[in-house]
Amino acid sequence: LRYLTAGETHGPQLTAIIEGLPSNLTLDFEELNFQLQRRQKGYGRGRRMQIEKDTAQIVGGVRHGYTTGAPVALVVENKDWTHWKNIMNIEPIPGSDEEKRRVNRPRPGHADLNGGLKYNHTDLRNVLERSSARETAARVACGAVARQLLAAFGVKVAGQVIRIGEIEAPANDLPIEELIERTEQSSVRVVDKETEQKMEAYIDQIKEEGDSIGGIVECIVEGLPIGLGSYVQSDRKLDGAIAGAVMSINAFKGVEIGIGFEAGKLRGSQVHDEIMYEASKGYYRASNRLGGFEGGMTNGMPVVVRGVMKPIPTLYKPLQSVDIDTKEPFTAQVERSDACAVPAACVVLENVVAWEIAKAFLDKFGGDSLEEIKANYENYLSQLESY
Ligand code: FMN
């Protein structure tokens, strides 16, 4: 299973091609669009999120509601492209730098300067158009398809915001269905209403000060069998693949599985999850501190992944940078930007994690049709049962 995306933030559309999906997977288009629209929500986001109501159009690989086994091609239109047609024209266009919205002032914390130097662009717009997190809409679309494959095997995916700046959400131990329902009703994807209010007020304050703020988000995946991923080769370790995928999300600066960095402070007896057995359940663990992984493989407990997002780099509050034309210092002033995209990042995290798990799922149970995968899956479950 693999995908590629293309498209610019102010171009006509984002395009994604998914290859390796089995045939006969029924796709719920509403659910797909629901995931895209979840990414656009969240307290602290700016005007663009109101212009855009993302929907995915499927332009290949699906017929009469189900996959055919051919590559699935997806398109997510950029609704405000009409305002950018000229600026983003693929043909050479006459006009001033201003008309072309040329960018010569790199933002600290963004890809602008490194990308400009690396690709030898004197217009940094060529960099920012692709490095923008708009691309995560295409990744969410791919993840949303992967999620539907997993759902066909009873796998559930949830996400919650753990921290925004100084405000931390209290821990909860809710059943996954309730967690999904309650976070969906929250403007900042938390369960606790008091925390929600505090986070909203905090984001308002950050925005007023012309600043931005990041946070920590968590994804939980339940219903996975023991043994996805493998210890036999480093690139087959599923926890490693998930960590890499999480780090590839724009602005993510760290990742944890289970208690993560806490494990460095505790003793072995306080960390490892004791092994239990019951005839009706098979092997299970008394706790889940290791977040569902040992040896790069799932251990049957819920997978718990956290990622930390840095504050958004585009700031109203000017930061020092250097003009690439004059080499003179300047302090950047921006027209508009989000103050906080942590709730949206939570949705990206969920879908990126779902993608990596679906990939490992197909590596293990792979077949050309959903029926073949189901047979392989059932067969493996009975093997586990009789072990
Ligand atoms: N960066 C901005 O400058 N402005 C934004 O509005 C913005 N929105 C984002 C929304 C989401 C959901 C995510 C995940 C990131 C967003 N970012 C935004 C972060 C940048 O895309 C990111 O910092 C940049 O691509 C540089 O990559 P790096 O931070 O991973 O090094």
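The structure under discussion appears in the preceding block.
The structure displayed is predicted, hence computed values, not measured ones.

Draft legend 1. Local environment of the overall build of the protein. Each helix and strand counted, the protein has eleven helices and 17 strands in total. Relative to the compact-globule value of 21 Å for 387 residues, the protein shows a C-alpha radius of gyration of 22 Å, a close match. With the C-alpha coordinates aligned to their principal axes, the bounding extent of the protein is approximately 75 × 50 × 40 Å. For the protein, the proportion of its 387 residues judged to be buried stands at 47%. At a minimum sequence separation of 6, the contacts of the protein that also span at least 24 residues come to 68%. Carbon and sulfur atoms form 50% of the exposed surface of the protein, whose accessible area is close to 19400 Å². A distance of 3 Å separates the average location of the 45 positive side-chain charges in the protein from that of its 55 negative side-chain charges.

Draft legend 2. Representation of the site of the ligand within the structure. Neighbouring the ligand are 18 residues, the closest being S131, N250, A251, K310 and T314. In the environment of the ligand, an oxygen atom lies 3.0 Å from a nitrogen or oxygen atom belonging to the backbone of S131. Within the contact set of the ligand, an oxygen atom lies 2.7 Å away from a side-chain nitrogen or oxygen of K310. Here the ligand loses 84% of its free accessible area of 630 Å² to cover by the protein chains.

Draft legend 3. Up close: the side chain of R38. Structurally, the position occupied by R38 is in helix α1 (residues 29-40). With sequence-adjacent residues up to four places away left out, R38 is seen in contact with R147, E184, R189, V347 and E350.

Draft legend 4. Main features of the sheet that holds strand β7 (residues 156-164). Taken together, the five strands give an open sheet; going across it, the order is β8-β7-β9-β15-β10, and neighbouring strands pair in antiparallel fashion. At either margin of the open sheet sits one strand with a lone partner, and together these are β8 (167-168) and β10 (252-257). Here strand β9 (residues 215-222) runs beside strand β15 (residues 303-309); their pairing, made up of seven bridges, is antiparallel. Each bridged residue has a counterpart across the sheet, and for E218 the counterpart in β15 is R306. Most of the contacts of helix α7 (residues 193-208) go to β7, to which it runs at about 55°, and overall it touches β7 and β8. In the packing of helix α8 (residues 238-247) onto the sheet, contacts are made with β10 and β15, and the angle to β10 comes to roughly 155°.

Draft legend 5. Broad picture of the sheet that holds strand β3 (residues 56-60). Within the open sheet, the four strands sit side by side as β1-β2-β6-β3. Their pairing is antiparallel. Edge positions in the sheet fall to β1 (2-6) and β3, since each of these pairs with one other strand and no more. Neighbouring strand axes in the sheet, compared pairwise and without regard to direction, differ in orientation by 20° on average. Inspection of the sheet shows β3 paired to strand β6 (residues 72-77) by four bridges, in the antiparallel sense. Residue pairing across strands places Q57 opposite V75, the latter belonging to β6.

Draft legend 6. View of the packing of helix α5 (residues 136-151) against helix α10 (residues 342-365). Running from N to C, α5 and α10 cross one another at 50°; their axes reach a closest spacing of 7 Å. The angle between α5 and α10 places the two elements in the oblique class. As α5 runs across α10, the sense of the crossing is left-handed. Packed against α5, whose contacting residues are T136, R139, V140, C142, G143, A144, A146, R147, L149 and L150, the element α10 presents V347, V348, E350, N351, V352, A354, W355, I357, A358, F361 and L362 at the interface.

About the criteria used
Residues numbered from 1 in each chain as written. Predicted model: local features only at pLDDT ≥ 70, side-chain atom pairs only at ≥ 80, totals over all residues. Heavy atoms only, no water. Helix = DSSP H or I, 4+ residues; strand = E, 2+ residues; numbered from the N terminus. Rg over C-alpha atoms; globule rule 2.2 N^0.38 Å. Buried < 20%, exposed > 50% of the residue type's maximum accessible area, 1.4 Å probe, protein only. Contact = heavy atoms within 4.5 Å. Areas by Shrake-Rupley, 256 points an atom, 1.4 Å probe, with all protein chains shown as cover. Lys, Arg positive; Asp, Glu negative; His and termini not counted. Charge placed at Lys NZ, Arg CZ, Asp CG, Glu CD. Near = heavy atom within 4 Å. Polar contact = N/O pair within 3.5 Å; in protein donor to acceptor, adjacent residues only side chain to side chain. Pairing = 2+ DSSP bridges. Axes fitted to C-alpha atoms, helices over the stretch in contact; angles between N-to-C directions. Parallel < 35°, antiparallel > 145°, perpendicular 65-115°, else oblique. Left-handed = near helix turned anticlockwise from the far one by under 90°.

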